[in-house]
Amino acid sequence: MGDVGFDGIADEFESDIYGSTKGAVRLAVLWSVLNEDVPALRGQPMRILDAGGGSGHMAVRLARVGHSVVLCDVSEEMLTKAAQRAAEAEVAYAIEIRHMPIQEYANITDHRFDLVLCHAVLEWLEDPKSAIRDLARLVKPGGQLSVMFYNRFASLLKRTLAGDFEAALGDFQTGPIRRGWGKGATALDYEMVVSWLQEQHLEVKAKAGIRIFHDHVVDKLDDPQRLAQLIGLEKAVCRSEPFASLGQHTHLTCRLAELPAEDA
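1. Some points on the sheet that holds strand E4 (residues 113-119)
Alright, step 1. Across the sheet, which stays open at both edges, the seven strands sit in the order E3-E2-E1-E4-E5-E9-E8 with mixed pairing between neighbours. Of all the strands in the sheet, just strand E3 (95-99) and strand E8 (202-210) have a single pairing partner and so form its edges. Within this sheet the neighbouring strands show an average axis-to-axis angle of 15°, counted without direction.
Alright, step 2. Against the sheet, helix H2 (residues 21-37) touches E4, strand E5 (139-150), E8 and strand E9 (249-256), its axis set at about 150° to E8.
Alright, step 3. On top of the sheet, helix H3 (residues 57-64) reaches strand E1 (47-51), strand E2 (68-73), E3 and E4; it is set at about 170° to E2, its chief contact.

2. Comments concerning the confidence of the model for the chain
Residues shown with low pLDDT carry predicted positions that ought not to be read at fine detail.
Alright, step 1. For the chain, per-residue confidence averages 90 on the pLDDT scale, and 92% of positions sit at 70 or higher.
Alright, step 2. Here strand E6 (residues 178-179) is the element of the chain with the lowest mean pLDDT, 53, and E8 is the one with the highest, 98.

3. Overview of the pairing of E4
Alright, step 1. Burial analysis of E4 places six of its seven residues in the buried class, which makes it a mostly covered element.
Alright, step 2. Here three bridges tie E1 to E4, and the two strands are oriented parallel to one another. Counterpart to Asp 50 in the pairing with E4 is Leu 117.
Alright, step 3. Note: E4 against E5, six bridges, orientation parallel. Bridging from a neighbouring strand, Leu 117 pairs with Ser 146 of E5.
Alright, step 4. With helix H6 (residues 128-137) bridging E4 and its parallel neighbour E5, the resulting β-α-β unit is right-handed.

4. As for the packing of H2 against helix H10 (residues 224-237)
Alright, step 1. Close contact between H2 and H10 brings their axes to 10 Å; oriented N to C, the two are set at 40°. Taken together, H2 and H10 sit at an angle that is classed as oblique. Helix-helix and strand crossings are classified by hand; for H2 and H10 the assignment is right-handed. The segment H2 lies against H10, with Thr 21, Ala 24, Val 25, Ala 28, Val 29 and Ser 32 engaging Leu 227, Leu 230, Ile 231, Glu 234 and Lys 235.

5. Re the environment of Leu 246
Alright, step 1. Positionally, Leu 246 belongs in the loop between H10 and E9.
Alright, step 2. The sequence separation of Leu 246 and Gly 209 amounts to 37 residues, and the corresponding C-alpha distance is 6.3 Å.
Alright, step 3. Setting aside residues no more than four positions away along its own chain, Leu 246 makes contact with Asn 151, Phe 153, Ala 154, Leu 157 and Ile 212.

So, how was this worked out
Residues numbered from 1 in each chain as written. Predicted model: local features only at pLDDT ≥ 70, side-chain atom pairs only at ≥ 80, totals over all residues. Heavy atoms only, no water. Pairing = 2+ DSSP bridges. Helix = DSSP H or I, 4+ residues; strand = E, 2+ residues; numbered from the N terminus. Axes fitted to C-alpha atoms, helices over the stretch in contact; angles between N-to-C directions. Contact = heavy atoms within 4.5 Å. pLDDT = per-residue confidence, 0-100. Buried < 20%, exposed > 50% of the residue type's maximum accessible area, 1.4 Å probe, protein only. Right-handed = clockwise from strand over helix to strand, strands pointing away. Parallel < 35°, antiparallel > 145°, perpendicular 65-115°, else oblique. Left-handed = near helix turned anticlockwise from the far one by under 90°.

Spelled out as structure tokens, the structure:
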């Protein structure tokens, strides 16, 4: 089926995800988790890669607090939105935009980054395992990878709560399948992703569930106070099981081992 890009549907995607409360919850919890897991974000400026960073929501936040960011993505339309967002935030000088897939960028640069982000990207790729290999090549020894992926457990739970029991059982028995926004995303299994990371000498240091409750509440969350309360709850429980395993996305913070010179 191949990798999925967003040219032609960028406006629809941006409106559905980031123009909604689901995007507000996702960004708020992810930003909180990232700052807890990578305390260096509050220190000296870092060189950061936002791989598949789309319309630049995270890249702009990072640039605003003093970091320099390379943002790469396959969608020209999403990158146009990212450039506009960076200009409006007056941080365009700190964000280098590259129109290319992760795999291609890994092949053209010798630079390694203090921190590499790969958020909600793996689920859109035909071969997410090889993408993790490419990402590992871009992290400096001792550096960190922040990876977030569409969670198979959450996909199964959502189908069950919708009353589609037969399909949910099929999902459980057959493994990762294409689902999610636009029917192009593959819900990934936590243990499988961790095994791919470990093969690349990436040690998982922290886990969190992103957007655990939002999609299951009846409340439409039009009231900003109600939305703030939900975000507070999501932040409070995102690292505690079983909730950490039930978020629509699973977030993992990993550290690349500092290998002996002959293995590096």
